[in-house]
Amino acid sequence: MKNIMVQCLLCGSMAIGLWTLLLAYFHYNQENRQLKKTQELTRTRPLGENVYRQNHDSEETPKQNIINDKTYFSDPEFYKGFAQYGLNVVISRRLGIQREVPDSRDKICHQKHYPFNLPTASIIICFHNEEFNTLLRTVSSVINLTPSHFLEEIILVDDMSDTDDLKEKLDYHLELFRGKIKLIRNKKREGLIRSRMIGASRASGDILVFLDSHCEVNRVWLEPLLHAIAKDHKMVVCPMIDVIDDTTLDYTAAPLVRGAFDWDLMFRWDNVFSYEMDGPEGTSKPIRSPAMAGGIFAIDRHYFTELGQYDKDMDLWGGENVELSLRIWMCGGQLFILPCSRVGHIAKIQNFNNAALKALSWNLLRVAHVWLDEHKDNFFLRRPYLKYEPYGNISERVALRKRLGCKSFQWYLDNIFPELEPFIHTDEKEWNHFH
Ligand code: UDP
Ligand code: MN
């Protein structure tokens, strides 16, 4: 009897043991499959979906990936990278291809609501030898923080980069975003002005939004831009450009500023008059801006063409922002900065080699000769060494100005930028700066 009981107990515990083993096996298998599935999802799904949902659900300010240790100062890669890319590549590689940045908008912006039906946007990003992670963070931030029904496409224009990781490795990574991205590779170096025109010619969204290749957009960045243009198709709008530090890559909210320039035609930020912030909209009110900083702005696609796009005979970099700003104001459009739309940008220190310097002078001369009328003397007082330099044929741009029935530069000074004082003194140090 005892034997039978022992046998029964043995059988029972064996059965329980077997059962537990079986359960453990299934459980393990299930977990493994789940893990694999998640890995596949994160590799193949647009990177954005999760982050987008998170961002819109939580009111908390996300923590930045601030890397406090400064060991990069002793890393030769840091110096090599800075010389090559104009930013801290050691940190950029650590941050990788996507991160969250703090919501830099004023509280008042949180209360704004935008219609569900707005025009669609084509985002155009030109790049020349951009650091790989920095470029990918630009793209992933757009995907993550743009409602997909507003995003027609992202058009990347590779302006003849020669770094290895912007070739097959870039193609491979862009696959992860599936569908929404077009990559155009220029066959020769075109410069950012013609590259933007190439991008625009391939766009099909209602509105063109130009970004640099070292940006990270913020929450609800696109809606204010689309909404403003939907109300007035001759309205050109810029986001507030937040600062991404080139060394720490920390993201900081920019103060309220407007765009301006001096008689040397170089862009600078300017204070906003406090009376401009009067009224119920307060610090969220659009800021009327005499000029745009560079290549971060939104414009109706048809209006861009109607207005004459860019001067295609300008080279490489510079002057095109002032030229477009003058053209917008003098030819019937408007230019505003929208404080509720925020885009972070790494302000790199420009390395002017001879070719870049030559292109800048050439471009500025074209702006002065087409747009400044009798006031171009002020420009030559600031840059006397350019007085007899060549600037190519401007007849097409002069004809465009006539065709569009644009107003005089005096009108622009009187109505849009009266603070641009007539030039009276010569600061030798300044005008020699680019010589
Ligand atoms: N860029 C380009 N071709 C060039 C010079 C610049 O495609 O010949 C790109 C560059 O990679 C960047 C954008 O144009 O994405 C604007 O250039 P940058 O950031 O130097 O201008 P800034 O910020 O000073 O306006
Ligand atoms: Mn830039």
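Here's what I pulled together on the structure shown here. (Residues numbered from 1 in each chain as written. Chains lettered and ligands numbered in written order. Predicted model: local features only at pLDDT ≥ 70, side-chain atom pairs only at ≥ 80, totals over all residues. Heavy atoms only, no water.)

**Quick word on the coordination of the manganese ion (ligand 2)**
Phase 1 of the analysis: Asp212 (OD), His214 (NE2) and His345 (NE2) make up the full set of protein donors to the manganese ion (ligand 2), lying at 2.1 to 2.2 Å.
Phase 2 of the analysis: Positions of the donor residues of the manganese ion (ligand 2) along the chain correspond to the pattern D-x1-H-x130-H. Of this pair, His214 sits in the loop between strand E4 (207-211) and strand E5 (215-217) while His345 sits in strand E12 (residues 334-346), placing them 131 residues apart in sequence. As far as burial versus exposure is concerned, His214 and His345 are alike and both buried. (Donors = N, O, S within 2.8 Å, 3.2 Å for Na, K, Ca; no water. Helix = DSSP H or I, 4+ residues; strand = E, 2+ residues; numbered from the N terminus. Buried < 20%, exposed > 50% of the residue type's maximum accessible area, 1.4 Å probe, protein only.)

**Quick word on the site of ligand 1**
Phase 1 of the analysis: Neighbouring ligand 1 are 14 residues; Cys126, Asp159, Arg189, Ser213 and Gln350 lie closest to it.
Phase 2 of the analysis: Within the backbone of Cys126, a nitrogen or oxygen atom sits 2.7 Å from an oxygen atom of ligand 1.
Phase 3 of the analysis: Side-chain polar atom of Asp212 to an oxygen atom of ligand 1: 3.0 Å apart, as the coordinates give it.
Phase 4 of the analysis: Here ligand 1 loses 86% of its free accessible area of 530 Å² to cover by the protein chains.
Phase 5 of the analysis: Elements supplying a minimum of two residues to the shell around ligand 1: strand E1 (121-127) and helix H8 (191-201).
Phase 6 of the analysis: Of the residues in the shell around ligand 1, the class split is five nonpolar, six polar and three charged. (Near = heavy atom within 4 Å. Polar contact = N/O pair within 3.5 Å; in protein donor to acceptor, adjacent residues only side chain to side chain. Areas by Shrake-Rupley, 256 points an atom, 1.4 Å probe, with all protein chains shown as cover. Nonpolar A, V, L, I, M, F, W, Y, C, P; charged D, E, K, R; others polar.)

**Section: the side chain of Glu153**
Phase 1 of the analysis: Positionally, Glu153 belongs in strand E2 (residues 151-158).
Phase 2 of the analysis: Using a relative accessible area of 5% as the deciding quantity, one classes Glu153 as buried.
Phase 3 of the analysis: A distance of 2.5 Å separates a polar atom in the side chain of Glu153 from a polar atom in the side chain of Ser122.
Phase 4 of the analysis: Within polar-contact distance, the side chain of Glu153 engages the backbone nitrogen of Ser204 at 2.8 Å.
Phase 5 of the analysis: If near-sequence neighbours (up to four positions away) are discounted, Glu153 is found in contact with Ala121, Ser122, Ile123, Lys180, Lys182, Arg202, Ala203, Ser204 and Gly205. (Contact = heavy atoms within 4.5 Å.)

**With respect to helix H14 (residues 395-403)**
Phase 1 of the analysis: Three or more residues of H14 are buried, namely Arg397, Leu400 and Arg401. Buried residues of H14, seen end-on, are gathered within an arc of 100° and therefore sit on one face of the element. Away from the buried face of H14 by more than 90 degrees, exposed residues Glu396, Lys402 and Arg403 are located.
Phase 2 of the analysis: Here the buried face of H14 lies against helix H11 (320-330), helix H12 (354-371) and helix H15 (409-415).
Phase 3 of the analysis: Directly beyond the C-terminal end of H14, a positive phi value near 65° is found at Gly405. (Arc of directions from axis to C-beta.)

Remember, this is a structural readout, not a statement about activity or role.
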